[in-house]
Amino acid sequence: MLYPAELRGHMGICLSQLGRRRHALATLLAAMSLCAVAHGPAVAAACGAGAEKAEPVAVSGVREDGGIVLADGRAVRLSDIVLPPPPWREDVLAAIAPVAAEAYALLPRDGRPDRHGRLPGNLLLKQDATLSWRLAEKGLALAMPEEREPCGEAILAAEAEARAAGAGLWAQGGFEVLPAEDPARILLRRGEFVLVEGTVLSLGERPRRTYLNFGTFWNEDFTAYIDTDTVAEIAPEGHSLGDLVGRRVRIRGYVLDERGPAIAVSRPTQLELVDDR
């Protein structure tokens, strides 16, 4: 299914017009209101809106896989965010379509198209915010920036504000922060992108990996692991991984089943200190 750009301008469109069964979609559409965004210009600047590589484009629709289809037939995979899984995904895609239609420039990222033919990049909206930032700010996407840089930090901050305010799917039950001390609950989300928060109990250093252990039973409890050659860049600024023992952290990533729930941490933005010490 292609969610057409002709939905533009109808952010208050009623549930019956879209043929949706659930009240959640009306809530999501309301959350995507095109009112002025105070942070927009700063976000746009941080994400490279003034760069020479910004390319004028028009959007024709949104694919089921979240790809934003341009008028010339190319598809864009939005950088720095992850869209929700079913059953929320279809509703969010429908909510994205009219907002994406307001995009006027492509901010491409380095890299080749993925296996679905989608180019990495972002879209600049008329309010000078990027589409990725807008979705995180409205609670309709989770942040997954590639680097600790201004654009990624802006999207992480937008997600944090939405989480604190209970915006979008944070209120609807589509997003939540899972407790590290409940491994069974985390494992139920195997294959999904999640946020997990808890206290690091110990550090396990092996030749190939370093493990952040959140429990005492390594084959049952939640663990986050980092490849040895990336440990230095993953540790929060001003800290070593050893400093994290006894500290409360937030991990984001895809849940794996490695004789207990685990998340592979390969980007510095996947690991955040959340206590005040």
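Structure's up top.
What you see is a predicted model; the values in this text were computed from it and never measured.

Caption draft 1: Main features of the overall build of the protein. When you go through the protein residue by residue, the secondary structure sums to nine helices and 17 strands. Scored against the burial criterion, the 277 residues of the protein give a buried share of 49%. The contacts of the protein with a sequence gap of at least 6 include a subset with a gap of at least 24, amounting to 63%. As displayed, the protein has an accessible area near 12,900 Å², and 51% of this comes from carbon and sulfur atoms.

Caption draft 2: Just unusual backbone geometry, in detail. Residue Pro87 is bonded to the preceding Pro86 through a cis peptide linkage, with omega at 5 degrees. Relative to the helices and strands, Pro87 is located in the loop between strand E6 (81–82) and helix H4 (89–100). Although it is not a glycine, Asp80 sits at a positive phi angle of roughly 75 degrees. Positionally, Asp80 belongs in the loop between strand E5 (75–78) and E6. At Arg259, a residue that is not glycine, the phi angle is positive and equals roughly 55 degrees. In this fold, Arg259 is placed in the loop between strand E15 (248–257) and strand E16 (261–264).

Caption draft 3: Region of the structure containing the pairing of strand E11 (residues 193–199). When you tally the buried positions in E11, you get six out of seven residues, the bulk of the element. Where strand E10 (residues 177–179) lies against E11, three bridges are found, and the strand directions are parallel. The partner of Val177 across the bridge, within E11, is Leu195. Two strands pair when backbone bridges link them, and E11 and E15 are joined in this way by seven bridges, in the antiparallel orientation. Note that in E15 the partner of Val196 across the bridge is Ile251.

Caption draft 4: Expanded view of the pairing of E15. Sheet analysis places E15 next to strand E17 (residues 271–273), joined by three bridges and oriented antiparallel. Counted as the bridge partner of Val249 is Leu273 from E17. Here E15 pairs with E16 via three bridges, running antiparallel. Across the sheet, the residue bridging to Asp257 is Pro261, located in E16. The turn joining E15 and E16, which pair antiparallel and follow one another in sequence, is formed by three residues; a positive phi near 55 degrees is taken by Arg259.

Caption draft 5: Seen up close, the nonpolar core. Residues Ile68, Leu83, Ile96, Leu123, Leu131 and Leu135 are the most contacted members of the largest nonpolar core, which totals 45 residues. Dropping the residues within four chain positions of it, Ile68 is found in contact with Val59, Gly61, Val62, Arg74, Ala75, Val76, Leu78, Ile96, Ala100, Leu123 and Leu131. Counting residues in hydrophobic clusters, the runner-up holds 21 residues, among them Phe214, Phe222, Ala235 and Val265.

Caption draft 6: Main features of H4. The end-to-end C-alpha distance of H4 is 16 Å, a good match for the 16 Å that twelve residues give at a rise of 1.5 Å each. With ten of twelve residues buried, H4 is to be regarded as a mostly interior element. Along H4, the positions that sit buried rather than exposed are Asp91, Val92, Leu93, Ala94, Ala95, Ile96, Ala97, Pro98, Val99 and Ala100.

Caption draft 7: Region of interest: a negative patch on the surface. Among the surface-exposed residues, Glu147, Asp227, Asp229 and Glu233 lie close enough to one another that they form a single negatively charged patch. Summarising the element assignment, Asp227 is placed in strand E14 (residues 223–227).

Caption draft 8: Spotlight on the pattern of salt bridges. This model, assessed by the stated rule, comprises 20 salt bridges. A salt bridge links Arg185 to Glu176, with the shortest nitrogen-to-oxygen separation between them at 2.5 Å. With relative accessibility at 33%, the residue Arg185 sits in the partly exposed group. For Arg190, the salt bridge identified is with Asp257, shortest N-O distance 3.0 Å. One end of the pair, Arg190, is in the loop between helix H8 (183–187) and E11; the other, Asp257, is in strand E15, and 67 residues separate them in sequence. One salt-bridge network, held together by shared partners, links Glu159, Arg163, Glu197, Arg248, Arg250, Arg252 and Glu272.

Rules used throughout
- Residues numbered from 1 in each chain as written.
- Predicted model: local features only at pLDDT ≥ 70, side-chain atom pairs only at ≥ 80, totals over all residues.
- Heavy atoms only, no water.
- Helix = DSSP H or I, 4+ residues; strand = E, 2+ residues; numbered from the N terminus.
- Buried < 20%, exposed > 50% of the residue type's maximum accessible area, 1.4 Å probe, protein only.
- Contact = heavy atoms within 4.5 Å.
- Areas by Shrake-Rupley, 256 points an atom, 1.4 Å probe, with all protein chains shown as cover.
- Pairing = 2+ DSSP bridges.
- Core = buried A, V, L, I, M, F, W, Y, C linked by side-chain atoms within 4.5 Å.
- Expected span 1.5 Å × (residues − 1).
- Patch = residues over 30% accessible without salt bridge, like charges linked within 9 Å, V, L, I, M, F, W, Y side chains within 5 Å.
- Salt bridge = Lys/Arg side-chain N within 4 Å of Asp/Glu carboxyl O.
- Lys, Arg positive; Asp, Glu negative; His and termini not counted.
- Charge placed at Lys NZ, Arg CZ, Asp CG, Glu CD.

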